[in-house]
Amino acid sequence: MPVRKWMLTRRVLGQAGAATALAAVVGRPARADRPYRIGALNPITGAGSTYGSGMQKTILFALEEVKRAGGVDGRPIEVYAEDTQTSPDAAVLAARKLIDANKVDAIIGTWSSSVSLAVLPITNEANCLLLHTSSAPALSTPAQNPKHLAWRFQAASHQIGDAYAAIAAHEKASRAAAMAFNNDVQIASVGFFRSAWEKAGGKLPNPVVYEPNRTSYAAELQQALSEKPDFLVVSGYVPDTSIILREAYEAGNTAKIVIPGWAMGPATVKALGAEVLEGLIVVDAVPDAGSAAFKTFDAAYRAATGNPGSSNIYAAMCYDMVAVLTLAMQKAGPSADNAAIAQVIPEVANPPGQAVSSFAEGRKLLQAGQKINYEGASGPIDFDERGDVTPVFGVSVFHDGKLEQRYLLK
Amino acid sequence: MSAAVGLNLAVAGLIQGLLIALAGLAVSLCFAVARFPNAATGDFMTFAAYAGVAAQAWTGSLLAGAASAVLLTAGLAVASYVLVFRNFRGRSLVAPLIASIGLAFLLRSVLTFFVGFDQHSFHVPIARAIVFAGARVRPIDLWLAGTSAVTLLAVLAVLFLTPIGRRMRAVADNPELARASGIRARAVMLTLWTLIGACSAVGGVMLGLQTVVVPEMGWNLLLPAFAAAVLGGVGNPTGAVLAGIALGLVQALSTPLVGFTYQTAISFILLIATLVLRPQGLLGRAEPVR
């Protein structure tokens, strides 16, 4: 069967990649201690492939940077690379391999909620840390994350929903409407939008939930626009959003449309052109381009991939994952287990403490016994009690075929 | 439901139905003459859409893109017959069915290996819809509906009005008798696969023009296509066309009752109900016991 063959090849490739990565990053462990093993589990192929390779390369160069700074005291680090194929099935197989065969202590950089939700029970059972870039609310509920081993570096659905409501207020919307792709994350984020908007005194008709792979969304759009809204949130993915935006234009829509950043790519602009996209509002968690960590990340990312760091917010998140994890390991000490490491993650990432923008800076202060507060490339990286970061959202508007950032929501 | 919403749903359903009809016709033709359900039909469509996008980018003309897509996909279909399916002649339908699933995976893997997973699209001028008694009709939809109707009629005309069509129907009816009467299988099969390729290509380009071109686009249409082929009466191409259009319309018009999420389920409930009451399908006849 071709499928099986493909998976075997992926596995072999993953191992080959891991072997090279190992040689590159760690060399031979200098001490007799058991090394701390990290699994870089990223969407190299599938729908997330736009981001995956950059994420994995970032994890490798970030660990290289840690090593150059002297490494974590008493704790050599090894890294193993795998591909989720952006599919929960393949991700579960890869996570099992990382945990059972490679004995990793942490899995970092999973992308897309369905993948992270599938991997989470496995990491929980193995007392393995999971640092992910997914939005689903269920990833940080006490039931799903009982040992506090999972940490979210991406905006959660409720934060995205609040951001939509903040944009609606900023745009002085009077009647709002929403459409959502039929899955947990998208329905949840428009649901949070609705409750935030209604709490602020607005009204929102039932969001229109639409199916993937339809040839036309004209009828869905007509339903969403039936009460003549002046503000419409379309929460979906790239292919369906492209079709909806085109059909909204064809139908002569006048409502301001807001979409999440992951629902558009360069292909959208090429397919639709400047006229259709004019005035479209795009909201996304944005890196703090002025921060020192972002500048370091950006330079290394350009060297590794040839693209600017701002093109891959998820790679910036991976950069911060490595920094936060290694700083927490440094603070917890060489014999700490994952529970102890997880416990100090907020202590190195949140205020109070001296702001640091790299492992090297943080390590020195930690060695001197000081408190630190890591300020990252993807944002300030401050965790709430559930283990979710509070991201900064950038709101951009299409004008003359170009996306222009207008304001930040903090 | 207001009349305008109903009309719009009917327009959307008709377009979707014509698309399912094209895919269903390709499946049904293969089943009637080559006697197996071809699971690679969806990926023929995907191939056609990518070929069309590439040819349009190269020549700058949509018409040239679509024409190249039809030619290349017909070539692909004929090649898949010559290289793969010919070897299964006389075997039970399971062997060529499995081979066609394998071919579908192979085609998609080769495609994504070279062009990746990012979406592509045809370049078509985007125009405001024409409002027609409350129904919004996009100019491109009129073109697509016309083209697919012409294609469907042309394929049926080849089948019912030409000598080669008569021979194809003879092979479909009774392969042994056809061979005994001196009908050469080679010409029949090459024509058949050309038609299958052309039909899939028009469907693929049409789908690509309406939506976006992604690797799974054709595969996602395979289930409705199979449903149309079964509902129309297995091996009855005219039935598959009518059933495809009916499925599209029923899905769209059931929306006011069940919402956008469950319209697919409704069309399949209807399919099951029809088959319970009329196991041979809409236009099929009961398989004679030999």
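Calculation rules
- Residues numbered from 1 in each chain as written.
- Chains lettered and ligands numbered in written order.
- Predicted model: local features only at pLDDT ≥ 70, side-chain atom pairs only at ≥ 80, totals over all residues.
- Heavy atoms only, no water.
- Salt bridge = Lys/Arg side-chain N within 4 Å of Asp/Glu carboxyl O.
- Helix = DSSP H or I, 4+ residues; strand = E, 2+ residues; numbered from the N terminus.
- Buried < 20%, exposed > 50% of the residue type's maximum accessible area, 1.4 Å probe, protein only.
- Axes fitted to C-alpha atoms, helices over the stretch in contact; angles between N-to-C directions.
- Parallel < 35°, antiparallel > 145°, perpendicular 65-115°, else oblique.
- Left-handed = near helix turned anticlockwise from the far one by under 90°.
- Contact = heavy atoms within 4.5 Å.
- Nonpolar A, V, L, I, M, F, W, Y, C, P; charged D, E, K, R; others polar.
- 1 Å grid on protein atoms, 1.4 Å probe; cavity = no way out; pocket = protein on both sides within 12 Å on 5 of 7 lines; lining within 4 Å.
- Points joined across faces, edges and corners; volume = space filled by probe spheres on them.
- Pairing = 2+ DSSP bridges.
- Core = buried A, V, L, I, M, F, W, Y, C linked by side-chain atoms within 4.5 Å.

Chemist: Explain the pattern of salt bridges here, please?
Modeler: Any two side chains of opposite charge can pair, given that their charged atoms come close. A full pass over the atoms with the stated rule returns 15 salt bridges over all chains. For Glu198(A), the salt bridge goes to Arg194(A), with nearest N and O atoms at 3.6 Å. Of this pair, Glu198(A) and Arg194(A) both sit in helix 6 (residues 184–199), four residues apart, which is roughly one turn of that helix. Judged by its relative accessible area of 35%, Glu198(A) is partly exposed. Several salt bridges share partner residues, and in doing so they unite Glu247(A), Glu250(A), Arg138(B) and Asp141(B) into one network.

Chemist: Looking at this structure, how should I read the packing of helix 11 (residues 313–332) of chain A against helix 12 (residues 338–349) of chain A?
Modeler: Helix packing for two helices is described by the angle between their axes and how far apart those axes are. Residues and elements named next belong to chain A. The N-to-C vectors of helix 11 and helix 12 enclose an angle of 110°; their axes lie 8 Å apart at closest approach. With respect to their mutual orientation, helix 11 and helix 12 come out roughly perpendicular. The hand of the helix 11/helix 12 crossing is right-handed. In this structure, helix 11 contributes Val-324, Leu-325, Leu-327, Ala-328, Met-329, Lys-331 and Ala-332 to the contact, and helix 12 contributes Ala-340, Ile-341, Val-344, Ile-345, Glu-347, Val-348 and Ala-349. By residue class, the composition of the contact of helix 11 with helix 12 is twelve nonpolar, no polar and two charged.

Chemist: Can you help me understand empty space enclosed by the protein in this one?
Modeler: Using a probe with the size of a water molecule, rolled over the atoms, empty space left in the structure can be pinpointed. In the structure shown here, the tally under the stated rule is five cavities of 30 Å³ or more. Considered as a void within the structure, the largest cavity measures approximately 230 Å³ in volume. Lining the largest cavity are 16 residues, with Ser216(A), Ala218(A), Arg136(B), Arg138(B) and Asp141(B) positioned closest to its centre. When contributions to the lining of the largest cavity are tallied by element, the ones reaching two or more residues are helix 7 (218–224) and helix 8 (238–250) of chain A together with helix 1 (3–33) of chain B.

Chemist: So what exactly am I meant to see when it comes to the side chain of Gln16(B) here?
Modeler: Residue placement: Gln16(B) occurs in helix 1. According to the relative accessible area criterion, Gln16(B) is buried, its value standing at 10%. In this structure Gln16(B) touches Arg214(A), Thr215(A), Gly248(B) and Gln251(B), once residues within four positions along its chain are discounted.

Chemist: Quick question: what am I supposed to make of the sheet that holds strand 2 (residues 77–83) of chain A here?
Modeler: Strand pairing within a sheet occurs via backbone hydrogen bonds; the two strands may be parallel or antiparallel. Residue and element names in this part refer to chain A. Strand order in the open sheet made by the five strands is 2-1-3-4-5, with parallel pairing throughout. Taken across any chain shown, the strands that pair with only one partner, and hence form the sheet edges, are strand 2 and strand 5 (150–152). Strand after strand, the sheet turns through a mean of 20° between neighbouring axes, direction not considered. Packed onto the sheet, helix 11 meets strand 1 (36–42), strand 2, strand 3 (106–110) and strand 4 (129–132) and runs at close to 160° relative to strand 3.

Chemist: Any chance you could explain unusual backbone geometry here in plain terms?
Modeler: For residues that are not glycine, phi is negative in most cases, and the peptide bond is trans in most cases. Residue and element names in this part refer to chain A. With omega at 0°, the peptide bond leading from Pro-351 into Pro-352 counts as cis. On the secondary structure map, Pro-352 appears in the loop between helix 12 and strand 11 (354–356). For Gln-85, which is not glycine, the phi dihedral falls at a positive 55°. Along the polypeptide, Gln-85 turns up in the loop between strand 2 and helix 3 (88–101).

Chemist: I'm lost on the nonpolar core in this one. Help?
Modeler: Generally speaking, soluble globular proteins have nonpolar side chains that are buried together. Ranked by internal contacts, the top residues of the largest apolar core, which has 85 residues, are Phe193(A) and Leu325(A). Looking at this core element by element, the count peaks at 15 residues for helix 11 of chain A. If we skip the residues at most four places from it in the chain, Phe193(A) touches Gly161(A), Tyr164(A), Ala165(A), Ala168(A), Ala176(A), Ala177(A), Ala178(A), Leu204(A), Phe231(A) and Val233(A). In terms of nonpolar packing, the next biggest core, distinct from the first, is built from 70 residues, Ala77(B), Ala95(B), Trp193(B) and Val205(B) among them.

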